[in-house]
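Breakdown of the fold
The chain contents come next:
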Amino acid sequence: MERTFPGGRGLWRADIAALRERHPGLLDFETWLQRGGAGQIEALFTGGGAAVTA
């Protein structure tokens with residue numbers, strides 16, 4: 001999925017395919033949220049103080 005501004009300009013220029021080759025466990029933001037990132041963010045706002053991990 002490519003994210004763009006209204007003018008069509010992309011938000012990033014990273015070569016995601018190349019990054020995935022170098023780092024096979026690389027997650028997109030949605031997957032990171034589903035695999036525990038959402039809980040980490042929630043803990044930051046509710047005083048849980050969870051450290052953010054990869």
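Above this text you will find the structure in question.
The present account deals with the structure reproduced in this document.

Turning our eyes to something else, we now look at the packing of aromatic side chains. Inspection of every chain in the model, using the stated rule, returns one aromatic pair. Ring geometry for phenylalanine 29 against tryptophan 32: centres 5.8 Å apart, planes inclined by 25°, an arrangement best described as stacked. Taken together, the residues span about one helical turn, with phenylalanine 29 and tryptophan 32 both in helix 2 (residues 29-46) at a distance of three residues.

What follows covers helix 2. Look at helix 2: only 21 Å from first C-alpha to last across 18 residues, short of the 26 Å you get at 1.5 Å a residue. When the local axis directions of helix 2 are compared, the greatest deviation, roughly 75°, occurs at glycine 36. Residues of helix 2 that are buried include every one of Thr31, Trp32, Gly37, Gln40 and Ala43, and no others. Backbone geometry just downstream of helix 2 places glycine 47 in the positive-phi region, at approximately 85°.

Rules used throughout
Residues numbered from 1 in each chain as written. Predicted model: local features only at pLDDT ≥ 70, side-chain atom pairs only at ≥ 80, totals over all residues. Heavy atoms only, no water. Phe/Tyr/Trp six-rings, centres within 6.5 Å; stacked < 30°, edge-to-face > 60°. Helix = DSSP H or I, 4+ residues; strand = E, 2+ residues; numbered from the N terminus. Expected span 1.5 Å × (residues − 1). Bend = angle between axes of the 7 residues up to and from the residue. Buried < 20%, exposed > 50% of the residue type's maximum accessible area, 1.4 Å probe, protein only.

As far as function goes, none of this settles anything; it's purely spatial.
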